[in-house]
Amino acid sequence: MPSSQPAHLTLTDAQRFQLIISAIHDYAIYMLDPQGKVTSWNKGAQQFTGYSSDDILGSHFSVFYTAEDRDAGLPQKALDIALRHGKFEDEGWRLRKDGTTYWASSIIDPIIADNGELLGYAKITRDITEHKLAAQTLQASEQQFRLLVQGVTDYAIYMLSPEGRVTNWNAGAQRIKGYTADEVIGMHFSSFYTETDRSDGLPERALATAAEQGRYEQEGLRVRKDGSTFWAHVIVDAIRSELGDLIGFAKVTRDVTERRETALALSRANAALFQSQKMEALGQLTGGVAHDFNNLLAVASSGLQLLTVQFPDLENSRSLESIRRALSRGAILTQQLLSFARQQPLQPETHEVNTLIADFESVLRRAGNSSIQFDIRKSPVPVMVKLDSTRFETALLNLVVNATQAMPDGGKVTIATEKLTLRDKAVGALPGGVYAKISVTDNGSGMTPEVQARVFEPFFTTKKAGQGTGLGLSQVYGFITQSGGEVTLLSEVGFGTCFTIYIPIDTEADAENTQSADNKQRSEIVLIVDDQLDLLDITAELFRTMGYEAYTATNGAEALEVLERTPQIDILFTDVIMPDSISGIELAQITRQRHPATKIILASGYPFPALTSNQQLSKEFAFLNKPYQLSDLAKVLRSKD
């Protein structure tokens, strides 16, 4: 009698398992005997390899391996490892029946009987060629990206950990920052910031902003390995996983120093052009007004003269005298306006700048009071220019007066000269060439940007009514520009001001002077120190008449500064008694210690023994009693120390 149960219920577990294995298409699942010959075969295996069960049963599984793998004994090694370790797993190229290859992922498990006998091996293989090709494509893409990033030298491109430590480094980062990858990986990126930025917490804010907003962008100063700085454009991007977790930051930095300097230079050029156009317009207006005003003054002056001729009794009238003084002040005012308008008559002659300043030094020193210290730093080489010396002295005096007025509680005025070469339009609109640079620097109150923008305008002044006309600096500007030069200004509130004059070098005179200097020996240089300006001036003049180049100082501290920056000084001529903390004797002792080759002469109105009880000093230094004659000075100079 036939069974009423379904057919699948009559199958054994082994039969069911065999049906499942045979039906699987995505995996090749088959059995090997202990020697490695195929004993079973499923549809997946036939699909992957192209072998039917009739083709492959009884064949050694090494037929699926490439010739290279067979020569290397890989099939047998796979069985040995599976038996020894209970499993063997690998990936590699395998052969189909038609000779084509595919990338296979294989697992081999040994089949052991209960009594420990090896019955064979179970082998599972999957064709993962598409996965392998995709991985290779991704790897190639990543490699290309790494090569691209590493090949970029104009940008520093690198990664940071979530804490801000460098995790990789490209060639551009090494070129820009100076660190190699070995030196920098693991270092916190805040090392690239200035000390000020680190103190302000800028690195931490950059990462916090990037983490919160996804991106941070900024420009600022950064520090290279050697300590030098550059202007950087920085972008920081947060990198997150697919789950949204922060896994680090991508940082791109570019050195934009040159671009920034170009932009700043363009901005300065535009500002200079605007200032030049403004001053030109003011000059034309001022010049026109001054000429018309001169005509009015001429009418008034001529009329006044006619009145005194027609009415002689009025000659000594107080009213007429007041009118004359007013006309005189008006004439001076028009000359000042014409000076600003660059319409004053000039008498340019060739002069050496250092000599001009030396001859005018006593007047400049008198512009200040005892609380003002003067430091005159002359160029070590002659600076030949062609200008109106009287107008130049007036301009220099105006600058010194302006500096001393900015220091009501005392300070220091430094006048420095230099010969330098300028690029085209490096200073205002000046053409490229060799220039004399004369700067007047103070450490006074300084100026705001608003004041700096108007400081050369006529009648502009920050002084109280009656304390200034506002024409001093405008005269300086007008004279220097009329002489073919330029005046610049740097100032900061609370730190002081520096006015700098640029005048073209007289090339012919400079060449002659250079040649003449090459053909003659250097004049000896003397440093004269005395707190009495009149005596300082006359002593300097005495030395100059004897062929010496004279430097001056009004106290010991100022003299030491001159000695430090002018090591070729041959003679120190100093008064013994001076009001500051360094006396002439102390100055002489310091000079002997620091500059043993310098001849030292002390001068005083007191006898030397009365000045010191140290008898050794009288033997060590030459001494000259005041008052002295030129012959006395010459005699001491000829004597040996």
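Here the structure is a predicted model, which is why all the values come from computation and not from measurement.

**Considerations on the packing of helix H19 (residues 556-565) against helix H20 (residues 584-594)**
At a closest axis distance of 11 Å, the pairing of H19 and H20 adopts a crossing angle of 15°. Viewed along their axes, H19 and H20 adopt a mutual orientation that is roughly parallel. The element H19 and its partner H20 pack so that their crossing is right-handed. Seen from H19, the contacting residues are Gly556, Ala559, Leu560, Leu563 and Glu564; seen from H20, they are Leu587, Ile590, Thr591 and Arg594. Tallied by class, the residues present in the contact of H19 with H20 amount to five nonpolar, two polar and two charged.

**A word on helix H10 (residues 202-213)**
Note that an α-helix has 3.6 residues per turn; residues three or four places apart therefore point the same way. The end-to-end C-alpha distance of H10, which contains twelve residues, comes to 16 Å, matching closely the 16 Å that a straight helix rising 1.5 Å per residue would cover. Looking at the packing, one finds that the buried side of H10 touches strand S5 (155-160), helix H9 (195-199), strand S6 (215-223), strand S7 (229-240) and strand S8 (246-255). After H10 finishes, the residue Gly214 shows a positive phi value of roughly 90°.

**A closer look at the side chain of Lys378**
Topologically, Lys378 is positioned in the loop between strand S10 (372-377) and strand S11 (384-387). In this structure the side chain of Lys378 is engaged in a polar contact, spanning 3.1 Å, whose partner is the backbone oxygen of Ala550. Ignoring anything within four residues of it in the chain, the contact list for Lys378 reads Asn354, Ala358, Thr417, Arg544, Ala550 and Tyr551.

**Some words on the sheet that holds strand S19 (residues 599-604)**
Spatial ordering of the open sheet is given by S17-S16-S18-S19-S20, a layout of five strands whose pairing is parallel. At either end of the open sheet lies a strand with only one pairing partner, and these are strand S17 (549-553) and strand S20 (622-625). Direction aside, the axes of adjacent strands within the sheet are offset by 20° on average. One ladder, built from five bridges, connects strand S16 (residues 525-529) with S17; its direction is parallel. Counterpart to Leu527 in the pairing with S17 is Tyr551. Strand contacts of helix H18 (residues 533-545): S16, S17 and strand S18 (571-575), with the helix running at about 165° to S16, the strand carrying the most contacts.

**Thoughts on the packing of aromatic side chains**
Taken as a whole and judged by the stated rule, the model has 14 aromatic pairs. Between the aromatic rings of Tyr51 and Phe64, the centroid separation amounts to 5.9 Å while the plane-to-plane angle is 65°, which identifies the pairing as edge-to-face. Remark: Phe64 occurs in the loop between helix H3 (53-56) and helix H4 (67-71) and Tyr51 occurs in the loop between helix H2 (43-49) and H3; sequence separation between them is 13 residues. A relative accessible area of 14% places Tyr51 in the buried class. Relative to Phe573, the ring of Phe543 lies with its centre 5.5 Å away and its plane at 70°, an arrangement referred to as edge-to-face. Of the two residues, Phe543 sits in helix H18 while Phe573 sits in strand S18, which places them 30 residues apart along the sequence. There is no split in this pair, since Phe543 and Phe573 are both buried. Grouped by ring-pair contacts, the aromatic residues Tyr30, Trp41, Tyr51 and Phe64 constitute a single cluster.

Parameters and conventions
- Residues numbered from 1 in each chain as written.
- Predicted model: local features only at pLDDT ≥ 70, side-chain atom pairs only at ≥ 80, totals over all residues.
- Heavy atoms only, no water.
- Axes fitted to C-alpha atoms, helices over the stretch in contact; angles between N-to-C directions.
- Helix = DSSP H or I, 4+ residues; strand = E, 2+ residues; numbered from the N terminus.
- Parallel < 35°, antiparallel > 145°, perpendicular 65-115°, else oblique.
- Left-handed = near helix turned anticlockwise from the far one by under 90°.
- Contact = heavy atoms within 4.5 Å.
- Nonpolar A, V, L, I, M, F, W, Y, C, P; charged D, E, K, R; others polar.
- Expected span 1.5 Å × (residues − 1).
- Polar contact = N/O pair within 3.5 Å; in protein donor to acceptor, adjacent residues only side chain to side chain.
- Pairing = 2+ DSSP bridges.
- Phe/Tyr/Trp six-rings, centres within 6.5 Å; stacked < 30°, edge-to-face > 60°.
- Buried < 20%, exposed > 50% of the residue type's maximum accessible area, 1.4 Å probe, protein only.

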